Amino acid sequence: MNNIGQCEAAINYVFKDKQLLRRALTVASASEDNNQLLEFFGDAILEFIVSERIFSEEDSEGELTERRKALVSDAALTPVSERLGLDKLLIRGKMDVNNKKAVPSAYEAVTAAIYLDGGLQAAKNFVLSTLDFSVSATENYKGKLQEKLQGNGQAVPEYIRTDIGNAQKHRFEVKIILCGQTFRGEADSVKQAEQLAAKDALKYLEKE
């Protein structure tokens, strides 16, 4: 089976225009007819699909932005591309063996190719069935802090929350008082501010 057939089987989509998929898999080192423009377009399509999918999951614009950024980052897209086998199906130049950016870019380019070939719903079906939506925007510092304190026989601290924003835009400060020290976090959402305060406290405890 050639690259095109293998790719269609992997992504569960059969192209009407096979040349579109070939272009999506072609790295700039291999040809002038490459996937750079498709990558650019695919990035925007991917952001839209992800934004629509996570719209109701978070409390604030700031949280949504961070979550989307995490989901469409190279670090998140690389394992998805590799799981689909896109890294092995790329058409590269002879000397192009260490271009790591080509792997997540392939996912973006394929997303754009599917959109152009089959429309938005086809692109959505592809993204929603392949992207890993369990990727978290931030580490769970609150959970880590609780685990560390309980392991040391200490009580879980109280998170003191204050809205320091205004009527147009909320901004929250969260304080933790621990070991006679005050640790702070500030963000557009209470959840983020709590995580940052817990992160600050963890840094201190790890030095002790």
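Residues numbered from 1 in each chain as written. Predicted model: local features only at pLDDT ≥ 70, side-chain atom pairs only at ≥ 80, totals over all residues. Heavy atoms only, no water.

Caption draft 1: Local environment of the overall build of the chain. The helix and strand inventory of the chain stands at ten helices and three strands. Reading the secondary structure of the chain in the N-to-C direction produces α-α-α-α-α-α-α-α-α-β-β-β-α. Taken against the 2.2 N^0.38 rule, which gives 17 Å for 208 residues, the C-alpha radius of gyration of the chain at 22 Å runs more than 25% over that of a compact globule. Expressed along its principal axes, the backbone C-alpha trace of the chain runs to roughly 65 × 40 × 25 Å. The burial tally for the chain puts 41% of its 208 residues in the buried class. Contacts spanning at least 24 positions in sequence make up 51% of the contacts within the chain whose residues lie at least 6 apart. Here the chain displays about 11700 Å² of accessible surface, and carbon together with sulfur accounts for 49% of that area. Across the chain, the 27 positively charged side chains and the 32 negatively charged ones have centroids separated by 2 Å. (Helix = DSSP H or I, 4+ residues; strand = E, 2+ residues; numbered from the N terminus. Rg over C-alpha atoms; globule rule 2.2 N^0.38 Å. Buried < 20%, exposed > 50% of the residue type's maximum accessible area, 1.4 Å probe, protein only. Contact = heavy atoms within 4.5 Å. Areas by Shrake-Rupley, 256 points an atom, 1.4 Å probe, with all protein chains shown as cover. Lys, Arg positive; Asp, Glu negative; His and termini not counted. Charge placed at Lys NZ, Arg CZ, Asp CG, Glu CD.)

Caption draft 2: Region of interest: the side chain of serine 81. Within the secondary structure, serine 81 is located in helix 5 (residues 74-84). Residue classification places serine 81 among the buried positions, given a relative accessible area of 0%. With near-sequence residues (within four places) excluded, serine 81 lies in contact with Leu86, Asp87, Val103, Pro104, Ala106 and Tyr107.

Caption draft 3: How the structure looks around the packing of helix 5 against helix 7 (residues 102-118). Across the interface, helix 5 lies against helix 7 with an axial gap of 8 Å and an inter-helix angle of 80 degrees. In terms of orientation, helix 5 lies roughly perpendicular with respect to helix 7. Along the contact surface, helix 5 presents Asp74, Leu77, Thr78, Val80, Ser81, Glu82 and Leu84, while helix 7 presents Val103, Pro104, Ala106, Tyr107 and Glu108. In terms of residue class, the contact of helix 5 with helix 7 is made up of seven nonpolar, two polar and three charged. (Axes fitted to C-alpha atoms, helices over the stretch in contact; angles between N-to-C directions. Parallel < 35°, antiparallel > 145°, perpendicular 65-115°, else oblique. Nonpolar A, V, L, I, M, F, W, Y, C, P; charged D, E, K, R; others polar.)

Caption draft 4: The nonpolar core, seen in detail. Judged by nonpolar contacts, the single largest core of 38 residues is most densely connected at Ile11, Leu86, Tyr107, Val110, Ile114 and Leu131. Secondary-structure elements contributing two or more residues to this core are helix 1 (3-11), helix 2 (18-25), helix 3 (36-54), helix 5, helix 6 (86-89), helix 7 and helix 8 (120-130). Once you skip the residues sitting within four places of it in the chain, tyrosine 107 turns out to touch Leu46, Leu77, Val80, Ser81, Leu84, Leu86, Phe126, Val127, Thr130 and Leu131. Membership of the second largest hydrophobic core comes to 16 residues, among which are Tyr141, Ile176, Ala187 and Ala197. (Core = buried A, V, L, I, M, F, W, Y, C linked by side-chain atoms within 4.5 Å.)

Caption draft 5: How the structure looks around the pairing of strand 3 (residues 181-187). As defined by bridge partners, strand 2 (residues 172-178) adjoins strand 3 across seven bridges and the pair is classed as antiparallel. Looking across to strand 3, one finds that isoleucine 176 is bridged to phenylalanine 183. If you look at the hairpin formed by strand 2 and strand 3, you'll find two residues sitting between the two strands, and cysteine 179 has a positive phi there, around 55 degrees. (Pairing = 2+ DSSP bridges.)

Caption draft 6: Up close: helix 3. The terminal C-alpha atoms of helix 3, which comprises 19 residues, lie 27 Å apart, in line with the 27 Å expected from a rise of 1.5 Å per residue. Of all the positions in helix 3, only Leu38, Gly42, Ile45, Leu46, Ile49, Val50 and Ile54 are classed as buried. For helix 3, the angular spread of buried residues about the axis comes to 150 degrees, placing them on one side. Seen from the buried face of helix 3, the exposed residues on the opposite side, beyond 90 degrees, are Leu37 and Phe40. At its buried positions, helix 3 is contacted by helix 2, helix 4 (61-71), helix 5, helix 7 and helix 8. (Expected span 1.5 Å × (residues − 1). Arc of directions from axis to C-beta.)

Caption draft 7: Main features of the sheet that holds strand 3. Taken in spatial order, the three strands line up as 1-2-3 in an open sheet, and their pairing is antiparallel. In the strand order of this sheet, the two ends are held by strand 1 (159-163) and strand 3, each with one partner. In this sheet, adjacent strand axes meet at a mean angle of 20 degrees when their direction is disregarded. The strands touched by helix 10 (residues 190-207) within the sheet are strand 1, strand 2 and strand 3, with strand 3 carrying the most contacts at an inclination of about 145 degrees.

Caption draft 8: Expanded view of the packing of helix 1 against helix 2. At a closest axis distance of 10 Å, the pairing of helix 1 and helix 2 adopts a crossing angle of 90 degrees. Taken together, helix 1 and helix 2 sit at an angle that is classed as roughly perpendicular. Two secondary-structure elements touch here, helix 1 through Asn3, Ile4, Cys7 and Glu8 and helix 2 through Lys18, Leu21, Arg22 and Leu25. Residues of the contact of helix 1 with helix 2, tallied by class, amount to four nonpolar, one polar and three charged.

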